[in-house]
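Examining the three-dimensional arrangement
Here is what each chain is made of, one letter per residue.
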Amino acid sequence: MSDRSKLLRFLVPIVLLIGVAVWWGTTGVWVVQQDEQGVVTRFGKVDRVVQPGMQFTLPAPFERLERVRTTEVRIMPVGYKLRDDVLGIPPLAEEIQWLTGNTNIVEMKLMLQYVISDPARYLFRVADLPSGESPDFAIRKAAESVLTRLVGEMAIDDVLSIGKAKLQATARSEIQEQIELLQLGVTLVAVNILEANPPAEVRGAFNDVINAYADGERQKTQADGYRRKTLPGERARADQIEQEAQIYAKERIEAAKGVAARFAAMATEVKAAPRVSRLRLWLETVEAFLARGERIVYDDTAEQPFRLRVTK
Amino acid sequence: MRKLFWTLIIIGLLIAAWLGCTVQVAEWETVILTRFGDPHDPLEEPGLYFKLPPPIETTIRIDRRVQIQDPPSQEYLTADKKNVIVDCFLAWEVRDAIQFLKSVRNVQGARSRLNDILLAEVNTILGETQLSALITTEPGNVTMRQVNEEITQRTAAKAQENLGVRVLAAKIKRLNFPGDNKTAVFRRMEAEREKIAQEIRSQGFAEAQKIRNQTEREAAAIVSEAQSAAERIRGEADAEATRVYAEAFEKDPEFYEFLRALEAYGKMFDENTLWVIPHSSPLLEGLLRKPGAGLPKANGDD
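Residues numbered from 1 in each chain as written. Chains lettered and ligands numbered in written order. Predicted model: local features only at pLDDT ≥ 70, side-chain atom pairs only at ≥ 80, totals over all residues.

**Section: the overall build of chain A**
Along the backbone of chain A there are nine helices and 10 strands. Whereas a compact globule of 312 residues would reach a radius of gyration of roughly 20 Å, chain A reaches 56 Å, over 25% beyond that. By principal-axis analysis of the C-alpha atoms, chain A measures approximately 210 × 50 × 35 Å. Of all 312 residues assigned to chain A, the portion counted as buried reaches 27%. (Helix = DSSP H or I, 4+ residues; strand = E, 2+ residues; numbered from the N terminus. Rg over C-alpha atoms; globule rule 2.2 N^0.38 Å. Buried ≥ 20, exposed ≤ 12 C-beta atoms within 10 Å, placed from the backbone.)

Below, the structure is given as structure tokens:
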């Protein structure tokens with residue numbers, strides 16, 4: 001054997017060995033993306049959680065790294081299925097209907113938003129559901145349990161209107177409690193009520209209540225209109241009454257003043273020549289009324305008494 | 001060549017020894033070691049363990065993650081004789097792996113046993129519960145909480161005792177009514193709404209009527225105040241006129257009397273009056289007799 005072939009026999013296994021070692025080593029090199037965290041397990045035991053960037057672990061089979069997208073906000077529909085929603089299939093009654101206090105039924109769709117806050121728990125703590133769904137769907141079950149209780153304590157009018165905000169807030173904290181209990185490793189960001197309606201079967205009756213409010217408002221508006229029209233009219237009438245009184249007052253006083261002035265003038269005139277003036281006034285009067293009517297002049301000095309028979 | 005052969009043999013043996021004498025327990029499982037088929041040692045902490053090689057020691061892996069299960073919904077009769085469809089869910093994990101193995105063998109076996117336990121407990125508890133208490137707007141309603149608590153506790157007790165399982169939660173998830181009852185509920189809801197609508201309308205009418213009434217009252221007040229003011233004005237004017245007359249006539253009352261009498265005569269007699277006048281009347285003095293005898297002295301001041 002030559003020196004050359006000796007060298008080759010020595011080198012080939014070394015190079016092969018190094019190649020295998022390098023390849024083996026690369027199984028311990030990982031890239032964790034910006035929106036991810038990595039969970040490193042050593043012999044199947046969670047060892048550490050690592051942040052985005054290039055990460056090194058012991059090579060397989062000693063350590064493994066699993067990546068989880070932790071910044072992504074995930075959604076979980078409650079009261080309907082996303083798939084049905086996309087296909088335009090209406091939700092089933094048992095999905096969308098909830099019992100409210102006073103034994104009413106309300107239709108409600110909600111959307112939960114959550115992020116993965118504990119990647120190790122999220123990955124390893126909860127098994128897939130028997131239906132094959134991921135553990136994320138346990139969030140829906142926890143949420144349904146809490147909502148059934150909360151909605152069951154509310155009057156339907158509250159669920160449909162003013163109670164929504166409070167329901168969302170209370171539900172968020174209580175569902176989070178259940179999530180902790182089930183160790184799902186996620187944190188609820190928001191509980192949003194997308195829709196809350198009376199069931200289709202009774203929607204007419206509910207709409208009629210809204211119409212009733214409108215009717216009531218219309219009645220009030222009409223009454224207000226009547227008020228706006230009536231009061232100025234009555235004020236005008238009142239003003240007319242007062243003005244007429246003022247006119248009467250003016251006329252009456254002016255008439256009195258006129259009569260007084262005339263009397264004063266006559267009195268002055270009469271004073272200047274009392275006898276003649278009075279005689280004239282007297283005669284004018286007598287003349288005026290004797291000129292009217294029937295007149296009979298008889299001789300009261302005659303022997304025969306004067307007789308007159310008046311018949312009416 | 002022989003060297004390489006032996007090297008490979010040794011590597012093979014090492015790998016076999018590694019596989020046969022170590023056991024990796026992952027985060028989500030408990031591994032039970034069995035010695036000649038007899039389970040004896042549950043490895044609950046994840047990590048790497050050494051053991052005797054098979055067939056002396058073999059392993060059984062038990063999933064110890066939280067299992068969520070959702071038994072089919074069932075119709076129940078509550079204490080107040082209401083039919084209600086109840087949907088529950090259950091969350092559990094293996095607590096005693098050996099007992100779990102002996103009683104149900106695996107998760108599938110546990111699920112069906114737990115379903116039976118849960119449904120039986122729910123049936124018992126709902127039979128003692130009023131539906132009207134379960135869904136109510138009474139303040140401080142705690143029935144649903146209590147019922148959930150009780151379902152969890154009772155299921156947990158049985159599961160722990162018989163299956164080696166710890167129940168984390170066993171709760172009512174959804175409630176609804178069966179078809180016929182639902183129709184009745186809808187009819188009642190409609191009746192409630194009709195009543196509310198009626199009330200709202202009546203209230204609207206009442207408020208509108210109130211506005212009208214108030215308008216009438218204010219209008220009447222405006223007019224009557226004006227009338228009273230008018231009367232006052234007239235009265236004051238009459239008083240003033242009277243005062244003006246009195247002031248004027250007071251200056252010569254006797255002449256006023258004369259003048260007023262003449263005026264009165266003028267009004268007293270008209271064309272229907274029949275005058276019967278004797279010859280001796282002073283009116284005719286100048287006509288029938290020589291004058292100067294008797295015209296009235298209307299005033300005695302000359």
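**Description of unusual backbone geometry**
Geometrically, the link from Pro54 of chain B to Pro55 of chain B is a cis peptide bond, its omega value of 5 degrees lying close to zero. Checked against the element boundaries, Pro55 of chain B lands in the loop between β4 (47-50) and β5 (57-63). Phi angles above zero are rare outside glycine, and Thr103 of chain A is one such case at about 50 degrees. Locating Thr103 of chain A in the fold gives a position in the loop between β7 (97-100) and β8 (104-116). A count of 21 C-beta atoms within 10 Å places Thr103 of chain A in the buried class.

**Quick look at the confidence of the model for chain B**
All names here are of chain B. Taken residue by residue, chain B gives an average pLDDT of 87. The fraction at 70 or more is 93%. Note that residues 298-302 has pLDDT below 50 and, in this model, 10 contacts with residues that lie over four places away or in other chains. Taken over the whole predicted complex, pTM reads 0.75, whereas the ipTM for its chain interfaces reads 0.74. (pLDDT = per-residue confidence, 0-100. Contact = placed C-beta atoms within 7 Å.)

**Quick look at the interface of chain B and chain A**
At the junction of the two partners, chain B supplies 98 residues and chain A supplies 101 residues. At 39 residues, the largest contribution of residues to the side of chain B that touches chain A is made by helix α6 (residues 179-250) of chain B. Residue composition of the side of chain B that touches chain A, grouped by class: 52 nonpolar, 18 polar and 28 charged. As paired elements, strand β10 (residues 294-298) of chain A and strand β10 (residues 274-278) of chain B share five bridges and run parallel to each other. In the strand pairing of β10 of chain B, Val297 of chain A is matched with Ile277 of chain B. (Nonpolar A, V, L, I, M, F, W, Y, C, P; charged D, E, K, R; others polar. Pairing = 2+ DSSP bridges.)

**Structural notes on the nonpolar core**
Counting residues in hydrophobic clusters, the biggest one holds 74 residues, and the most contacted among them are Ile139 and Leu182 of chain A together with Leu90 and Phe100 of chain B. Excluding residues within four positions of it along the chain, Leu90 of chain B makes contact with Gln69, Pro71, Leu114, Leu118, Val167 and Ala170 of chain B. With 12 residues, the next largest nonpolar core counts Ala245, Ala249 and Ala256 of chain A together with Ala237 of chain B among its residues. (Core = buried A, V, L, I, M, F, W, Y, C linked by C-beta atoms within 7 Å.)

**Focus: the packing of helix α9 (residues 274-290) of chain A against helix α7 (residues 253-268) of chain B**
Here α9 of chain A crosses α7 of chain B at 10 degrees, and the two axes come no closer than 9 Å. As judged from the angle between their axes, α9 of chain A and α7 of chain B are roughly parallel. Across the interface between the two elements, Arg278, Leu281, Trp282, Thr285, Ala288 and Phe289 of chain A of α9 of chain A pack against Phe258, Leu262, Tyr265 and Gly266 of chain B of α7 of chain B. For the contact of α9 of chain A with α7 of chain B, the class distribution of residues is seven nonpolar, two polar and one charged. (Axes fitted to C-alpha atoms, helices over the stretch in contact; angles between N-to-C directions. Parallel < 35°, antiparallel > 145°, perpendicular 65-115°, else oblique.)

**Here we look at the sheet that holds β5 of chain B**
All names here are of chain B. Strand order in this open sheet of three strands is β3-β2-β5, and the pairing throughout is antiparallel. If you trace the sheet from one side to the other, it starts and ends with β3 (38-43) and β5, each paired once. Adjacent strand axes in the sheet meet at a mean angle of 30 degrees, parallel and antiparallel pairs treated alike. Bridge analysis of strand β2 (residues 29-35) against β5 gives seven bridges, and the strand direction is antiparallel.

**Quick look at helix α8 (residues 203-272) of chain A**
Counted at 1.5 Å a residue, the expected span for α8 of chain A with its 70 residues is 104 Å, and the 103 Å between its end C-alpha atoms agrees. Every buried residue of α8 of chain A is listed here: Phe206, Val209, Ala212, Gly216, Gln219, Ala223, Ala238, Ile241, Ala245, Ala249, Ala256 and Val270 of chain A. On its buried side, α8 of chain A packs onto α9 of chain A together with α6 and α7 of chain B. (Expected span 1.5 Å × (residues − 1).)

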